[in-house]
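# Structural characterization, general
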Protein chains: 2
Amino acid sequence: MGFEQAWLSYRMNVEAGEWKGISKIYADSRNPIMKNAVSELQKAFREMMGIEPVLCSDSREVKADTGSICFKLDRERKAEGYHIYEEDGNVVIAASSECGWLYGVFELIRQMQMESSIKGMNIEREPVMPLRMLNHWDNMDGSIERGYSGNSFFFDKDEILVEERIVTYARLLASVGINGTVINNVNVKDAATWLITDRYFEKLSQLSEIFADYGIKLFLSLNYAAPVELGELDSADPLSEEVRAWWKERMKLVFTQIPNLGGFLIKADSEGRPGPFTYGRTHADGANMLAEAAEPYGGLIIWRCFVYNCKQDWRDYKTDRARSGYDNFIELDGTFRDNVILQIKNGPMDFQVREPVHPLFGALKATNQMLEVQIAQEYTGQQRHVCYLIPMFKEILSFHTYAAEVNDTVEDIVSGKTFKQTKCGMAAVANTGNDENWTGHDLAAANLYGFGRLAFDPSVTAEELAGEWIIRTFGKDKEVRETLLFILMNSWRAYEMYNAPLGIGWMVNPSYHYGPSVDGYEYDRWGTYHRADHIGIGVDRSHHGTGYAGLYREPNASMYDNPESCPDELLLFFHHMPYDHRLRSGKTVIQHIYDTHFEGVELVDEMVKRFEGLEGKLPDKAYRRMLERFHHQKEHSREWRDQINSYFYRKSGIADEKGRKIY
Amino acid sequence: MGFEQAWLSYRMNVEAGEWKGISKIYADSRNPIMKNAVSELQKAFREMMGIEPVLCSDSREVKADTGSICFKLDRERKAEGYHIYEEDGNVVIAASSECGWLYGVFELIRQMQMESSIKGMNIEREPVMPLRMLNHWDNMDGSIERGYSGNSFFFDKDEILVEERIVTYARLLASVGINGTVINNVNVKDAATWLITDRYFEKLSQLSEIFADYGIKLFLSLNYAAPVELGELDSADPLSEEVRAWWKERMKLVFTQIPNLGGFLIKADSEGRPGPFTYGRTHADGANMLAEAAEPYGGLIIWRCFVYNCKQDWRDYKTDRARSGYDNFIELDGTFRDNVILQIKNGPMDFQVREPVHPLFGALKATNQMLEVQIAQEYTGQQRHVCYLIPMFKEILSFHTYAAEVNDTVEDIVSGKTFKQTKCGMAAVANTGNDENWTGHDLAAANLYGFGRLAFDPSVTAEELAGEWIIRTFGKDKEVRETLLFILMNSWRAYEMYNAPLGIGWMVNPSYHYGPSVDGYEYDRWGTYHRADHIGIGVDRSHHGTGYAGLYREPNASMYDNPESCPDELLLFFHHMPYDHRLRSGKTVIQHIYDTHFEGVELVDEMVKRFEGLEGKLPDKAYRRMLERFHHQKEHSREWRDQINSYFYRKSGIADEKGRKIY
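Residues numbered from 1 in each chain as written. Chains lettered and ligands numbered in written order. Predicted model: local features only at pLDDT ≥ 70, side-chain atom pairs only at ≥ 80, totals over all residues. Heavy atoms only, no water.

This brings us to the sheet that holds strand S5 (residues 90–95) of chain A. All names here are of chain A. As summarised here, the arrangement of the six strands in space is S2-S1-S3-S5-S4-S6, forming an open sheet in which the pairing is mixed. Every interior strand has two partners, whereas the edge strands, strand S2 (54–56) and strand S6 (122–125), have only one. If you compare each strand with its neighbour and ignore which way they point, the axes differ by 20° on average. Of the pairings in the sheet, the one linking strand S1 (residues 24–26) to strand S3 (residues 68–73) comprises three bridges and is parallel in character. Note that in S3 the partner of tyrosine 26 across the bridge is cysteine 70. (Pairing = 2+ DSSP bridges. Helix = DSSP H or I, 4+ residues; strand = E, 2+ residues; numbered from the N terminus. Axes fitted to C-alpha atoms, helices over the stretch in contact; angles between N-to-C directions.)

Once that is clear, we can look at the interface of chain B and chain A. Interfaces are often described in size by the accessible area the parts lose on coming together. Every contact between the two is made by 24 residues of chain B and, on the other side, 23 residues of chain A. Each partner contributes to the roughly 2200 Å² buried at the junction of chain B and chain A, and carbon and sulfur atoms together form 50% of this total. When residues of chain B are sorted by the area they lose upon contact with chain A, Arg315, Tyr523 and Arg650 of chain B head the list and together hold 36% of the total. For the pair chain B and chain A, the interface holds six salt bridges. (Contact = heavy atoms within 4.5 Å. Buried area = accessible area lost by both parts, 1.4 Å probe. Salt bridge = Lys/Arg side-chain N within 4 Å of Asp/Glu carboxyl O.)

Looking at the secondary structure, you find valine 92 of chain A in strand S5. Residue valine 92 of chain A is classed as buried on the basis of its relative accessible area, which comes to 2%. (Buried < 20%, exposed > 50% of the residue type's maximum accessible area, 1.4 Å probe, protein only.)

All names here are of chain B. Looking at the second largest pocket, its volume works out to about 510 Å³. Taken together, 24 residues make up the lining of the second largest pocket; nearest its centre are Glu80, Met129, Pro130, Leu131 and Asn179. Those elements giving two or more residues to the lining of the second largest pocket turn out to be strand S11 (217–222) and strand S12 (261–266). (1 Å grid on protein atoms, 1.4 Å probe; cavity = no way out; pocket = protein on both sides within 12 Å on 5 of 7 lines; lining within 4 Å. Points joined across faces, edges and corners; volume = space filled by probe spheres on them.)

Bringing the confidence of the model for chain A into the picture now. For chain A, the mean per-residue pLDDT works out to 96, and 99% of the residues sit at or above 70. Of the two predicted TM-score estimates for the complex, the pTM is 0.92 and the ipTM is 0.87. (pLDDT = per-residue confidence, 0-100.)

Quick look at helix H10 (residues 390–397) of chain B now. Of all eight residues that make up H10 of chain B, six are buried, and the element is covered over most of its length. On the buried face of H10 of chain B, the contacting elements are strand S15 (369–374), helix H11 (410–415), strand S16 (425–429), helix H12 (445–456), helix H13 (462–474) and helix H14 (478–498) of chain B.

Throughout the structure, instances matching the rule amount to zero disulfides over all chains. Cysteine 56 of chain A provides the cysteine sulfur closest to cysteine 70 of chain A, a residue in no disulfide bond, and the two sulfurs are 10 Å apart. A relative accessible area of 1% places cysteine 70 of chain A in the buried class. The thiol sulfur of cysteine 99 of chain B is not disulfide-bonded, and the nearest other cysteine sulfur, from cysteine 424 of chain B, lies at 17 Å. Residue cysteine 99 of chain B is classed as buried on the basis of its relative accessible area, which comes to 13%. (Disulfide = S-S within 2.5 Å.)

Turning to the packing of helix H13 (residues 462–474) of chain A against helix H14 (residues 478–498) of chain A, a few remarks are in order. Residues and elements named next belong to chain A. Orientation of H13 relative to H14, taken along the N-to-C sense of each, is 135°, at an axis distance of 10 Å. Relative to H14, H13 is oriented oblique. The two elements H13 and H14 meet at a crossing, and its hand is right-handed. Residues Ala462, Glu463, Ala466, Gly467, Trp469, Ile470, Ile471 and Phe474 of H13 form the contact with H14, whose own contacting residues are Val480, Arg481, Leu484, Leu485, Leu488 and Met489. (Parallel < 35°, antiparallel > 145°, perpendicular 65-115°, else oblique. Left-handed = near helix turned anticlockwise from the far one by under 90°.)

Attention now goes to the relation of the copies chain B and chain A. The two copies are related by a screw operation: chain B maps onto chain A through 180° of rotation and 0.1 Å of translation along the axis, at an RMSD of 0.0 Å. Read as a symmetry element, the transformation amounts to a two-fold axis. Of the C-alpha atoms belonging to chain B, the one lying closest to the rotation axis is found on lysine 651 of chain B, 2.7 Å away. Of the interface residues in chain B, 96% have counterparts in chain A that sit at the interface too, so the contact is made through matching surfaces. (Least-squares fit on C-alpha atoms with pLDDT ≥ 70 in both.)

Here it is in structure tokens:
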């Protein structure tokens, strides 16, 4: 399958004279990262301006002309930081490492595309989050769990692919500052269990080297029960000496055979995956065993906190899945080795369109933490609906946990500021596949772009990110920019409006997670209920109910616990409320449901109408791909509206104040 | 995979002295059918009595001794009929054909197993329905659509299997009088389209010959678009001369290459299958084209009436899927060729636990008709719940259509009595697979057994069939017989009680069709709705609504049209009724829902309790297989009860009069 270049397509014309004046690049490109950096720079000049700056071997100290780009060593900077400045009409990229220079180059290309002025340029940046990772849920048979953009480009028929596309993938990641990638699904089964054996070392090394040359560490998802499933031991008990010795040997082998391996991601004791619970051990026992074995090689053990009872009885009103991550891990705070990181989903459930922030953030004080978000749009329209998620991530990152007097936001925690940590950051479940445009919906690429940029620099706004992504992908046309910006910036809001109301979530078709089904998960085993009856709806997670609200630090706990102070958008997540309860907005719950569902569809109609105005202004192929999806979204948002409204009208018997059509 | 012998296991001891006195069999067993008949007889004597009657070559005219079984030609009988009688201490089986003798032998073995007296024996029978067929929904990759007993024993990896098991399969069918079988799924795709090409003729011929020697005709499901999908023509227009010529050639080839081929089953213009609608033609055009081509070879074209709009809008209250079979075919009555048979499902929807009889029965007067039932328990517990369906089939067969003054039941119609037809009968979607016991649940074999026997002789009661099946399968133990009879005879009733109430149907998980999901199909495209709101539930199919009730002949039409006269068990199929409406039983709708769901589970508990008492009295393997399923049914019937009750309690707000636990 062919592939496009996304925001690195360099299809726009850069017209600014200043940039056209660049004629030389001074660089020592013997180092492979530098070679990639310089090559990228040349490509950008060639494709956007039709000029080929002369590449001069490194002579940073002797430059005297203007119109050159040169690289300067600045040992004071952090490894991935850079300083770009104009000096006597030349552009200087200063950094302490090749990685810093590479990031500086991508920054410079971005400035070029934005047609910033070279004169007086002075940009100093270093990544705010140490780890900025993608998690691919790719299976080795080529399928992708929750993949909406074709099949895997890493795997097919239990083999590892090393294809031309991988280089473009690495360029895309590096261009937005992503420095780690887990290439296989966290549900490690079948062939994937064998990734840590010599069956796959050769190909993994090749991948790993391609990544290394773009500053990206390779990570693998690990099968906790590997010693058993590979047929070598009868147990995976983390306190067994035999098991510990096995892992030490295995880690030695794996880290030796795969250079540039960053470590492992583990989903244990979750949704059928094996883990230390089998042996009556804690997750700290399990993670620490692996961490001890990986430590000599600088390996990280990233351990997911997505652990809950997935065989719950819907008749049980006491057990609360939202509590489970907290309850399973809070007691372990401070007991993990230094090279263990707990990876925590943004919310306590599972990537719904609206959830409160996970209560482990701010509760764990002595444990390395990473924030896990999902740009694969599992519950947010599966890349058939447009849903730009960066505004949601911004809200999550800016949430005050009150874990400290200052620097208490989620961003502060995963940036290492709150607890002075260096092994922390942010991971996104990836939205890519082997579709020509990488992400199925062309606009979904904004989430990949935005995620990387945001993890590098959370201060940038969602609107800025959308704006620059549009220019870099589709060029400078004002109508294109304004229209796509309108669409992106309204898309999450619109999706939430016609989706499950007021934070309750889960009103989707089981398994597929696409399309409305109000009772789809209501009588199931997954701990995902709305408890709607003819009087009201919502889960009582206050102190009258499951007590979940009390897991937050004050004043958050009290705010959520009281329906009067609980934000409207999360009211039904925290409280069971009658349909005629008046929200802080002044509307009743039921009228809010009707209004948002009608208005959400109207907003989609507006988006689609504006999009159709772009015909001829976008590459034809991309326009047609998007148009088809927009037409589907238009129809499908009506399905959401009508099913949700009909369900609640039939159940409550309360008519819409505005008399609109409900079935 | 190994396989058992089901009701031909001959494991009981026949102790009656009369039977032990049989010492000779006079038969000319050169004909392959006779060879099979005699071999079966010998096997039965050997295995159940340990005796080996001497086989004497045919000398029917000269026998003089007693204690013999002999075969007599009686040219007056119909081809498949037989007369068994005692004459001077000998048993005579008189028939006009080998097939009649074969059926006579199986009848005799049955009598032997029932330990009937030989003295004075006088049994004359001929099949009431001319065609008694199985429809296998087996795919050529080995999977079975709606199969709950393992994989196909006809196909694997796009190849046809001809294995030892097939002979036992043929014996089982012949033993209950089944005389035709369609071996491949009606959804004909991929490799199955090629069954009418030389790729498969050799194996099909082999299968066909095995069947022929047991009096069974081989049928195939046909892809209507075969000329196109085989890549030979651009069209499948039934009025195109080119297409007609293609089919004539093809039929010539196929019938020449596969001896004993009975004809074809076709699902056209249904659920995505191609058909004549593509070319603006009628189903009569399509069926007649094929029938004309098959006619020279005596081939039958069995055309399914399961044609409906499967992309309906749930918001549309006018379109009624229940009407579609009628509306699509009624105008075509009398226009089909004589070798076309319309195959009509028992109800207008799709094999729900309760449906009214299909209104085409009694409406079509000049068209060959077959009744299609489903012993594959797609909607009736998938062979994990026990559900003996013969009582349901008995009700359907005895339904008065009022199409004639006398002989107006469904049984009369499909037996050919009502309209003097000979190409008619009954087909069952098969419940077999390559499981050791053939049907997954051991008790599900009673449906296969009962179906065949019933099509041969609809006068036999469901209880008689169950009783003899139990004895033949598990022997004479009284407690075994009484317990299994109690279970079988209560099983459909129990399943209906905890399933969707009062004929409404469809409250199942989409696609899988297993387990409760009240709204599972409510907002979907399949035309399957319950329309429940906080006031009431049901589909108005009266003259106020879709008018479906009016499709029946009087007095049925009026009976169904009026909620006061409509039978309780179908009330919600025909009417939208408030929850507090009082049924003819005196209970309100809502209280009926609660009561039947609680009582249905209690009935299951009683069944399971009684079954557990059989430990040690049944073959251990069979006992354990059934026990596991009974435990699942016990738990799963609670899931049905609680979900249905909770749904309606939450929606109606009306409490259970008896105060039982609802969630």
